Amino acid sequence: MRVLANLSNLMIPVFIFYIVAYGFAAKTPVYDVFIKGVKEGLKTVVGIMPTLIGLMIAVGILRASGILEFWGGFLGNITNPIGFPGDLVPLTFVKMFSSSAATGLVLDIFKQYGPDSKIGLMTSLMMSSTETIFYTMSVYFMAAKVQKVRFTLSGALLATLAGTIASVILAQSTYSLLF
Amino acid sequence: MLNYIWAFMILVGIAYGAFCGNMAEISGGVIDSAKEAVELCITMLGIVGFWTGLMEVAKESGLVGGLTRLLTPVLRFLFPRIPKEHKAFQYISVNFIANILGLGWAATPAGLKAMEELAALKREGEKNKNGQLQDKICNYKNCHGIKQKGDEQKDTHLDIASNEMCIFLIMNISSLQLIPVNIIAYRSQYGSRNPAVIIVPAILATLISTLTAVIFCKIMDMGRKE
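Overview of the structure. Note that the structure is predicted; figures quoted are calculated from it, not measured. (Residues numbered from 1 in each chain as written. Chains lettered and ligands numbered in written order. Predicted model: local features only at pLDDT ≥ 70, side-chain atom pairs only at ≥ 80, totals over all residues. Heavy atoms only, no water.)

Assigned secondary structure in chain B consists of nine helices and zero strands. When the helices and strands of chain B are read in sequence order from the N terminus, they spell out α-α-α-α-α-α-α-α-α. Out of the 226 residues in chain B, the part that is buried amounts to 50%. Split by element, the accessible area of chain B, about 11,200 Å² in all, is 62% carbon and sulfur. (Helix = DSSP H or I, 4+ residues; strand = E, 2+ residues; numbered from the N terminus. Buried < 20%, exposed > 50% of the residue type's maximum accessible area, 1.4 Å probe, protein only. Areas by Shrake-Rupley, 256 points an atom, 1.4 Å probe, with all protein chains shown as cover.)

Next comes the structure, spelled out in structure tokens:
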């Protein structure tokens, strides 16, 4: 019954093995190159640290004020009957505008329900299956000096919707197989 | 954008907290969240650092280059009108591979270059149409009363996205990432018994959003002229 979980667990070790073996066979100085890459990664994390501090404090304030429960309960009345937890509605919207702001909400969900809960699984899948729409569009179209985006927005919204529905259904159907 | 979202979260939170008498909880929340953000970054330093190191090995050893070649048939299907040797094609390959491997910092620069090249490609295409299209556009704009300033007159039609640009961006937004490293790191920080367990369902969810995007793009690409 744990095929899915086992397959997931297999991927990372196999991935690591393959990349190191390939690099070694190609006579790449694997360790030196690895260390160089780690330095880049550390810079990335340190780069997002101010954002994380700022947004986690903002979400912390929202959480402590009690308004998230209020919204969640309110929206849940509408969305729960179709199998979509109300707590995920704010996340779905924020995710379209800013992935770092969404991260703040995700961590809040993990803290409250635990990453291994059904809603935690749903959140993980939702965050994995789509990217931030408006940020990506504004940065990329700015590079091409484009103002009329034609069918980009409708396609992006459709893909996000498909990813969200898939996440909910997959989380509902695979939860018992994974945990 | 974030200026609004951030201010909104803080102002609404404190106002609602004052209304409900949760001010003490908010004070505690601020301090706890700040501490938590730093703790999270420490976990991230290890996991993301390891991943970027590994990806550097994949890049240096030529594995990423090989994957780019593997991707060519898929890209030809998505972008049949981009000449194979064109720079745009190469940048798109690098961007897609970087996205698939979860190398956000490598995907964005290549993506920006791809957009610039697509814009250049569009400009070349316009030139080859013996100015016929240009006349049409000028007529269209006159009919619809769109203002044109002398200098920008030639370039105004260039601010419309080409089919290739739309498809490229939709593919990026539909997410191509195979292993969601950041989410795994967050899950691990918040005490998941098995943080990586989400990989297979996450790949399925990504596949569904991406396939939907591909179908949509092919329909739009066939149905509409620029």
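So much for the structure itself; the text now carries on.
With that out of the way, let us pick up the packing of aromatic side chains. By the definition in use, this model includes 10 aromatic pairs over all chains. Geometrically, the ring pair formed by A:Y175 and A:F179 is tilted, given 5.2 Å between the ring centres and 45° between the ring planes. Plain terms: the ring middles of B:F79 and B:F96 are 6.5 Å apart, the flat faces sit at 50° to each other, and that makes the pair tilted. Here the residue B:F79 occupies a position in the loop between helix 3 (63–78) and helix 4 (87–100), and B:F96 occupies one in helix 4, the gap between them amounting to 17 residues. We classify B:F96 as buried; its relative accessible area is 4%. Each residue in the set A:Y140, B:F79, B:F96 and B:F168 is aromatic and connected to the rest through ring pairs, giving one cluster. The positively charged end of B:K218 is found above the aromatic ring belonging to B:F77, 4.5 Å away from the centroid. (Phe/Tyr/Trp six-rings, centres within 6.5 Å; stacked < 30°, edge-to-face > 60°. Lys NZ or Arg CZ within 6 Å of the ring centre and 35° of its normal.)

Contact geometry for helix 7 (residues 133–143) of chain A and helix 7 (residues 163–173) of chain B: axes closest at 10 Å, N-to-C directions at 140°. As for how helix 7 of chain A packs across helix 7 of chain B, the hand of that crossing is right-handed. For the pair helix 7 of chain A and helix 7 of chain B, contact is made by A:I133, A:T136, A:M137, A:Y140 and A:F141 and by B:M165, B:F168, B:L169, B:N172 and B:I173, respectively. Of the residues that constitute the contact of helix 7 of chain A with helix 7 of chain B, the class distribution is eight nonpolar, two polar and no charged. (Axes fitted to C-alpha atoms, helices over the stretch in contact; angles between N-to-C directions. Left-handed = near helix turned anticlockwise from the far one by under 90°. Contact = heavy atoms within 4.5 Å. Nonpolar A, V, L, I, M, F, W, Y, C, P; charged D, E, K, R; others polar.)

Now for the pattern of salt bridges. In total, this model carries 13 salt bridges over all chains according to the counting rule given. Across the salt bridge formed by A:K36 and B:E60, the nearest N and O atoms sit 3.5 Å from each other. Here A:K36 is found in helix 2 (residues 30–65), whereas its partner B:E60 is found in helix 2 (residues 23–60) on a different chain. For B:E60, a relative accessible area of 44% translates into the label partly exposed. Across the salt bridge formed by B:K113 and B:E116, the nearest N and O atoms sit 3.7 Å from each other. Taken together, the positions of B:K113 and B:E116, both in helix 5 (residues 104–128) and three residues apart, correspond to about one turn of that helix. On the basis of relative accessible area, B:K113 is assigned to the partly exposed category, the value being 35%. Through salt bridges with shared partners, a single ionic network connects A:K36, B:E56, B:K59 and B:E60. (Salt bridge = Lys/Arg side-chain N within 4 Å of Asp/Glu carboxyl O.)

A separate point is the interface of chain A and chain B. Tallying the contact residues gives 95 residues for chain A and 96 residues for chain B. Of the roughly 8,400 Å² buried between chain A and chain B, counting both surfaces, carbon and sulfur atoms make up 78%. It is A:Y140, A:R150 and A:F151 in chain A that bury the most area against chain B; as a group they hold 10% of the surface buried on that side. Inspection of the region where chain A meets chain B yields six salt bridges. Taking the shortest distance from any N to any O, the salt bridge between B:R193 and A:D116 comes out at 3.7 Å. On the surface where chain A and chain B come into contact, there are 21 residue pairs in polar contact (both at pLDDT 80 or more). At the level of secondary structure, the elements contributing two or more residues to the side of chain A that touches chain B comprise helix 1 (3–25), helix 2, helix 3 (67–79), helix 5 (99–113), helix 6 (118–129), helix 7 and helix 8 (152–178) of chain A. Per-element tally for the side of chain A that touches chain B: the top contributor is helix 2 of chain A, with 25 residues. When grouped by side-chain class, the residues that make up the side of chain A that touches chain B number 60 nonpolar, 28 polar and seven charged. (Buried area = accessible area lost by both parts, 1.4 Å probe. Polar contact = N/O pair within 3.5 Å; in protein donor to acceptor, adjacent residues only side chain to side chain.)

Our next topic: unusual backbone geometry. In this structure, A:R150 takes a positive phi of about 50° despite not being glycine. Mapped onto the secondary structure, A:R150 falls in the loop between helix 7 and helix 8. Positive phi is not limited to glycine here, since B:S175 has a value of about 70°. Among the structural elements, B:S175 can be located in the loop between helix 7 and helix 8 (181–189). The exposure class of B:S175 is buried, given its relative accessible area of 0%.

Note that every value here comes from positions in space, so none of it alone points to a role or purpose.
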